[in-house]
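Each chain, letter by letter, is given below.
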Amino acid sequence: MNEHPRVADSEPLEGPRYFVRDDDIGSLTPALTNFVETFIERAIPVSYQVIPSQFTDECAQYMLEKARAHPQLIEFGQHGLHHRMVLGRKLLKREFGPERSYDEQFNDICEGKRLLRLKLGADHDIKLFTPPQHKFDKHTVEAIAAAGHTLFSAASYPTAHHQTAYALGRALGLSSIRHHGISYHGRMRPDAKLLELSISIAVDDGRKITCSAQVLEAALKRASAHTNKVGLMFHHGVYADAPDELTAIIDRLSNRPHAQFQKLGDLATA
Ligand SMILES: [Zn+2]
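Anyway, here's the lowdown on the structure attached to this text. (Residues numbered from 1 in each chain as written. Predicted model: local features only at pLDDT ≥ 70, side-chain atom pairs only at ≥ 80, totals over all residues.)

Within the secondary structure, H82 is located in the loop between β3 (74-78) and β4 (85-87). C-beta crowding within 10 Å serves as the criterion here: with 15 such atoms nearby, H82 is assigned to the partly exposed category. Separated by 29 residues in the primary sequence, H82 and S53 have C-alpha atoms spaced 5.5 Å apart. If we ignore the near neighbours within four places in the chain, the residues touching H82 are S53 and E95. (Helix = DSSP H or I, 4+ residues; strand = E, 2+ residues; numbered from the N terminus. Buried ≥ 20, exposed ≤ 12 C-beta atoms within 10 Å, placed from the backbone. Contact = placed C-beta atoms within 7 Å.)

Moving on, we come to unusual backbone geometry. Even without a glycine there, the phi angle at A43 is positive, about 55°. Residue position: A43 is located in the loop between α1 (30-41) and β2 (46-50). The phi torsion at H134 lies on the positive side, around 60°, for a residue other than glycine. Tracing the backbone shows H134 in the loop between β6 (128-129) and α4 (138-146). Residue H134 is classed as buried on the basis of its 22 C-beta neighbours within 10 Å.

For β2, the buried fraction is high: five of the five residues fall into the buried class. Of the two faces of β2, the one holding V46, Y48 and V50 and the one holding S47 and Q49 are both buried throughout. Here three bridges tie strand β1 (residues 17-25) to β2, and the two strands are oriented parallel to one another. Its bridge partner being in β2, I25 is matched across the sheet by V50. Assessed by its sense of winding, the connection that carries the chain from β1 through α1 to β2 is right-handed. Bridge count between β2 and β3: five bridges; the pairing is parallel. The residue bridging S47 from the neighbouring strand is E75, located in β3. Regarding topology, helix α2 (residues 57-69) serves as the crossover connection from β2 to the parallel β3, and that connection is right-handed. (Pairing = 2+ DSSP bridges. Right-handed = clockwise from strand over helix to strand, strands pointing away.)

For the rest of this paragraph, the subject is helix α5 (residues 160-171). Between the first and last C-alpha of α5 there are 16 Å, a value that for 12 residues agrees with the 16 Å anticipated at 1.5 Å per step. By the criterion of burial, α5 is predominantly exposed, with just one of the 12 residues buried. Count one or two residues on from α5 and you reach G173, which has phi positive near 70°. (Expected span 1.5 Å × (residues − 1).)

What follows is about the pairing of strand β12 (residues 229-234). Burial analysis of β12 places six of its six residues in the buried class, the great majority of the element. On β12, burial covers both faces: K229, G231 and M233 on one face and V230, L232 and F234 on the other are all buried. As paired elements, β1 and β12 share six bridges and run parallel to each other. From the neighbouring strand, D22 faces β12, where its bridge partner is F234. Judged from the two bridges that link them, strand β11 (residues 201-202) and β12 form a sheet pairing that is parallel. Bridge pairing in β12 links A202 to M233. Read as a crossover between parallel neighbours, the route from β11 over helix α6 (residues 213-224) to β12 is right-handed.

Given below as structure tokens:
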């Protein structure tokens, strides 16, 4: 008789878990439908971050239809309210930071949450928040939790200078250095009751592809040296003129051995 029973086949696989985040959901475009449908075909779940004031009824209807048909593959998060703000005479793409009071930030976060509930319905109670451009301060984080969110996603890059800055900020108990967030990826933040699960890899930066299919494997390796919860960020709009590159990237992901992709919400409770 074997005194050392073998690990059962159903034992969870070792190694990192992955999540995919697609940001800037607003209107229904061919780039969005192509993105959504390609990920569904490969059965890779995606967390879609919606900009509430730009979210059209047509897009909401499409996304809800896909979520109903594939509940395991689609979830929604809140991505600010407008994804922009005016500072002096400058129009910025970020929306939060120390230039705005707690009340101003809280009111916008609540308004965004209200719009999402209106468009997505009570079945999709949004608990996940991603600050536009990953820019925020202590008040943003406090306001997100006060508005009823429990999960926070920004950036936690594995490069040496980012890791050094995060470690320094964490040692000092900081939320941010000005509007540059300090990452507490994989743990509860000290500034509010929010679990942070942030992306490690920006597959694109919102304007262009920054991590092609060719270099993706190396990026995944670098990221998994720092964390066993590896997030990848996309902006579907970037692939409007590069659908083949998107397919190549998704193929690389779906061909990974032992790859375990989860929705952010599921990863948070795993
Ligand atoms: Zn964005």
